[in-house]
Number of protein chains: 2
Amino acid sequence: MKQEIPYKIYLNEKEIPRQWLNLRAFMDKKPAPLINPATLRPMTAEELSRVFCNELVKQELDDTTPYIDIPQEILDFYKMYRPSPLVRAYFLEKALDTPAKIYYKFEGNNTSGSHKLNSAIAQAYYAKSQGLRGVTTETGAGQWGTAMSMACSYFGLDCKVFMVKVSYEQKPFRREVMRTYGASVTPSPSPTTNIGRKILQEFPGTTGSLGCAISEAVEVAVSSEGYRYVLGSVLNQVLLHQSVIGLETKAALDKYDIVPDVIIGCAGGGSNLGGLIAPFMVEKLQGKANYRIVAVEPASCPSFTRGKYAYDFCDTGKVCPLAKMYTLGSGFIPSANHAGGLRYHGMTTTLSELYDQGLMEARSVEQTAVFEAAEQFARVEGILPAPESSHAIRAAIDEALRCKQTGEAKTIVFGLTGTGYFDMVAYQKYNDGEMSDYIPTDEDIAKGLAGLPKVE
Amino acid sequence: MKQEIPYKIYLNEKEIPRQWLNLRAFMDKKPAPLINPATLRPMTAEELSRVFCNELVKQELDDTTPYIDIPQEILDFYKMYRPSPLVRAYFLEKALDTPAKIYYKFEGNNTSGSHKLNSAIAQAYYAKSQGLRGVTTETGAGQWGTAMSMACSYFGLDCKVFMVKVSYEQKPFRREVMRTYGASVTPSPSPTTNIGRKILQEFPGTTGSLGCAISEAVEVAVSSEGYRYVLGSVLNQVLLHQSVIGLETKAALDKYDIVPDVIIGCAGGGSNLGGLIAPFMVEKLQGKANYRIVAVEPASCPSFTRGKYAYDFCDTGKVCPLAKMYTLGSGFIPSANHAGGLRYHGMTTTLSELYDQGLMEARSVEQTAVFEAAEQFARVEGILPAPESSHAIRAAIDEALRCKQTGEAKTIVFGLTGTGYFDMVAYQKYNDGEMSDYIPTDEDIAKGLAGLPKVE
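Residues numbered from 1 in each chain as written. Chains lettered and ligands numbered in written order. Predicted model: local features only at pLDDT ≥ 70, side-chain atom pairs only at ≥ 80, totals over all residues. Heavy atoms only, no water.

What to know about the side chain of Thr 111 of chain A
For Thr 111 of chain A, the location among the structural elements is in the loop between β5 (101–106) and α5 (117–129). Residue Thr 111 of chain A is classed as buried on the basis of its relative accessible area of 1%. Polar side-chain contacts of Thr 111 of chain A include one of 3.2 Å to the backbone oxygen of Gly 382 of chain B. Engagement of the side chain of Thr 111 of chain A in a polar contact is seen with the backbone nitrogen of Leu 384 of chain B, the distance being 2.7 Å. Those residues in contact with Thr 111 of chain A, other than ones at most four positions away along the chain, are Thr 146, Met 150, Val 177 and Tyr 181 of chain A together with Gly 382, Ile 383, Leu 384 and Tyr 421 of chain B. (Helix = DSSP H or I, 4+ residues; strand = E, 2+ residues; numbered from the N terminus. Buried < 20%, exposed > 50% of the residue type's maximum accessible area, 1.4 Å probe, protein only. Polar contact = N/O pair within 3.5 Å; in protein donor to acceptor, adjacent residues only side chain to side chain. Contact = heavy atoms within 4.5 Å.)

Dropping the structure here:
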């Protein structure tokens, strides 16, 4: 007898993964290493440890250990909000009248509102273990900053957040959540740092970018005693921590013998997608399965679909190491009409390499189409999704509608990374019919790429 | 061997209650009936059905049927977000260093952000079944309006919401969530109704009250073809629907042989508390158990602790029937410095009668103490609670601290009704040290009570 699949598949607490999965360890051709822009040689642990916590540096550089134990203190915290549910989107399937079976892994049921907490608590733990006073970081849509504030509060660490100015203005209440957790929040670019002042001088009136906020946070971290910098995406360590999403997803699917045909995730820096696909990609690399894996990015910030695979700076201020990645150039700033996150100019090196090897696909979507999907989803599935997550919803709906045409009963799994409670300015724009799309011109793209450093 | 209690106790989908529990059916001395202010006789089904849907009128008047089947369509919707978790507050216990065992039933993990959805979907279902075009309603903190918008959207009904002006202004984004679900939202008192115009004339600059918003919504419902009025609290039908909270809580506790000593809930109109305690109160009425049951209300709107048990109007405009309840008088409007919900002048008749019989206790708490508890809870339990819910948190923490003094390992269960994502203006005030308390003077109370109708 076939097992009935519930609306929400919950693992029990004991099934929370006890090890993270290090995807790079399974890759024959590894992602290119971070390099030092001054020496053009791979960054050493010593160099990186001026910016990052020691244990995180170790994780950053480790591309051989397949599984890494999750410390007990982090596992305890995970129990606060994990395992997260894998939801069968019965209501959405019915609304779309599709033969497709749709599942989503919902990471939004914690106060940070997204998957970011999975890595934030790990990074705070290692900072605490090292005896640090606090950390600095940046936040775009605000989810990472909120997550880091929660994590720091839990371990009694100070937390200084630089928030991309456009988000700071669109999401005044995000700041208050961070403050409620004891963090300080500064809009970026700000006059409080050298790089912030420089950027403000060059681009007065800029709405900011993640690349710029990163530069400011790094500057403060390296110039403050007892502080290190933490980052919510892009880095290898973040993908490692986020593998908990994929591992839980796989365990929940396995419980009901469900084999996905296509796995979809939104991609800004790549942390959610990298985590979601980790165990599936391992099977693919081992020739055991052949899932389609799709990255969905905003048409206004199309790193994968229109960027170049090259070494580039990770930040606007060029204070960070160089990473080989799909990038639009570290000077690329998405159009001001772009709402919310997924604003990063590059893409984590692991996904970049996998994409380059043809192991995954990418597509870009325009934001009005994204909000249309978000609203449809909210109305039938009862969850108000974050704009970022709604990129994946858009792609999943499109895939399901194609199934309707072809009659195929494909199994679609997507990552629903977070909730949209702090994105109501964007929703309001959409509700009022005032939201617009902007696709960068070829000249915009060329201009960004012209700033790539000469490395190879 | 003693069973280990997980952080979150989840029932499975099949354990969602299939019947609501009608607490009144178990009471020997029933709550007093609603009466018609013109005739001073109990309201008939016919009279009530001008305002409410027929099936809901039946539920409103039924004080003999102990269990009522939940229609399949509502059960299907419940699967979207139920069962809700019963959480063991291990982190809070540790932070308080208390021998008490604390549990909370968390109703905030749905987009409406609270327990209100449990009754909203039922009321929308019955409106749809009756072939109505839409419903009108009021909302205070905004949770009920959001819940009703979601429910109406699901069944394709129009939804007109009158939102208490102070909340409308403090929570601009609540409106956008409702709009995203297709509802229209009007700040109350408004110039769009007769009663609204009258109140604005009498009290220019008023910040509004639930009682006033109710009057406006009822006026529009009875004067519009194909519309009925729906209410999110106070009514018997709402307590009936909310019994799903208590039934799940009891089932989860029973699974681990946990017997609570004290059950705590915040109380505005009483819907959450009435639902949470339903099965426990039945045991108490049957002499099978002797739980302490505690209602927690704001010191600025103390219906139980300083009100009078008397027949009163349910609304400011006196268009509704009279209910016998603990009340501050239908003209009572809480001080403008009071943040958020729990602003209703009265209390559901069932809880009023139980309180009068000495079967439950009540206490009032001041809002700065409430936000202190909210922040402490947020930091250790990782959930940003609604101000309303935080009244229960305050009382639960106080109870646990008393256990610390006495060394008693009491088991405390409280209802965490919702999340505070849309309450950041209030949190900001608290974070900035600008929140104040206002306790009504004896004159304020006497003034409100002076307006009670002469009935008995």
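Comments concerning the domain arrangement of chain A
Residues and elements named next belong to chain A. Assigned domains of chain A: these are domain 1 (23–70 + 116–229) and domain 2 (79–113 + 236–449). The centre of domain 1, based on its C-alpha atoms, is set 21 Å off from the matching centre of domain 2. Counting residues at the interface gives 53 residues for domain 1 and 53 residues for domain 2. Ranking the residues of domain 1 by area buried against domain 2 places Leu 23, Asn 118 and Gln 170 at the top, with a combined share of 16%. Applying the counting rule to domain 1 against domain 2 returns two salt bridges. Residue Lys 171 pairs with Asp 423 through a salt bridge whose shortest N-O separation is 2.5 Å. In this assembly, domain 1 and domain 2 are joined by 15 residue pairs in polar contact (both at pLDDT 80 or more). At the level of secondary structure, the elements contributing two or more residues to the side of domain 1 that touches domain 2 comprise α2 (54–61), α5, α6 (143–155), α7 (165–170), α8 (172–180), α9 (194–202) and α10 (210–222). Class assignment for the residues of the side of domain 1 that touches domain 2 results in 33 nonpolar, 13 polar and seven charged. (Domains from an automatic or database assignment. Buried area = accessible area lost by both parts, 1.4 Å probe. Salt bridge = Lys/Arg side-chain N within 4 Å of Asp/Glu carboxyl O. Nonpolar A, V, L, I, M, F, W, Y, C, P; charged D, E, K, R; others polar.)

Some words on the sheet that holds strand β9 (residues 227–229) of chain B
Strands pair in a sheet through their backbones, by hydrogen bonds, and they do so in one of two ways: parallel or antiparallel. Residues and elements named next belong to chain B. On the basis of which strands lie adjacent, the open sheet formed by four strands has the order β8-β7-β6-β9 and parallel pairing. Since the sheet does not close on itself, it has two edges, and those belong to β8 (184–188) and β9, each with one partner. This sheet shows a mean twist of 25° between the axes of neighbouring strands, independent of strand direction. Where strand β7 (residues 158–164) and β8 come together, five bridges link them in parallel fashion. Within β8, the residue paired with Lys 160 across the bridge is Ser 184. Lying on the sheet, helix α10 (residues 210–222) is in contact with β6 (134–139), β7, β8 and β9; it crosses β6 at an angle near 170°. (Pairing = 2+ DSSP bridges. Axes fitted to C-alpha atoms, helices over the stretch in contact; angles between N-to-C directions.)

Considering unusual backbone geometry
Between Arg 82 of chain A and the following residue, Pro 83 of chain A, the backbone shows a cis peptide bond with an omega angle of -5°. One can find Pro 83 of chain A in the loop between α3 (72–78) and β4 (86–88). The step from Ser 188 of chain A to Pro 189 of chain A runs through a cis peptide bond, and the omega angle for that step is 5°. Among the secondary structure elements, Pro 189 of chain A is positioned in the loop between β8 (184–188) and α9. Within the chain, Asp 97 of chain A stands out as a residue other than glycine whose phi angle is a positive 50°. Within the secondary structure layout, Asp 97 of chain A lies in the loop between α4 (90–96) and β5. For Val 234 of chain B, which is not glycine, the phi dihedral falls at a positive 65°.

With respect to the interface of chain A and chain B
Facing 45 residues of chain A, the contacting portion of chain B comprises 45 residues. Surface buried jointly by chain A and chain B totals about 4,200 Å² across both partners, of which 55% is contributed by carbon and sulfur atoms. Considering only the surface of chain A that becomes buried against chain B, Phe 173, Thr 180 and Tyr 421 of chain A emerge as the three largest contributors, covering 17% of it. Close ionic contact of Glu 4 of chain A with Lys 14 of chain B constitutes a salt bridge, the shortest N to O distance being 3.9 Å. Linking chain A to chain B there are 23 residue pairs in polar contact (both at pLDDT 80 or more). Top element by residues in the side of chain A that touches chain B is α8 of chain A. It accounts for six residues.

Quick word on α10 of chain B
One turn of an α-helix holds 3.6 residues; hence residues three or four places apart share an orientation. All names here are of chain B. The terminal C-alpha atoms of α10, which comprises 13 residues, lie 18 Å apart, in line with the 18 Å expected from a rise of 1.5 Å per residue. Burial within α10 is extensive, with twelve of its 13 residues counted as buried. The complete set of buried residues in α10 reads Leu 210, Gly 211, Cys 212, Ala 213, Ile 214, Ser 215, Glu 216, Ala 217, Val 218, Glu 219, Val 220 and Ala 221. In this fold, the buried residues of α10 make contact with β6, β7, β8, α9 (194–202) and β9. With a side-chain oxygen positioned 3.2 Å from the backbone nitrogen of Cys 212, the residue opening α10 is Ser 209. (Expected span 1.5 Å × (residues − 1).)

Overview of the relation of the copies chain A and chain B
When chain A is fitted to chain B, the residual RMSD is 0.0 Å, and the transformation amounts to a turn of 180° plus an axial shift of 0.0 Å. The transformation relating the two chain copies, once decomposed into turn and shift, fits a two-fold axis. A shared binding surface is used by both copies, with 98% of the interface residues of chain A retained as interface residues in chain B. (Least-squares fit on C-alpha atoms with pLDDT ≥ 70 in both.)

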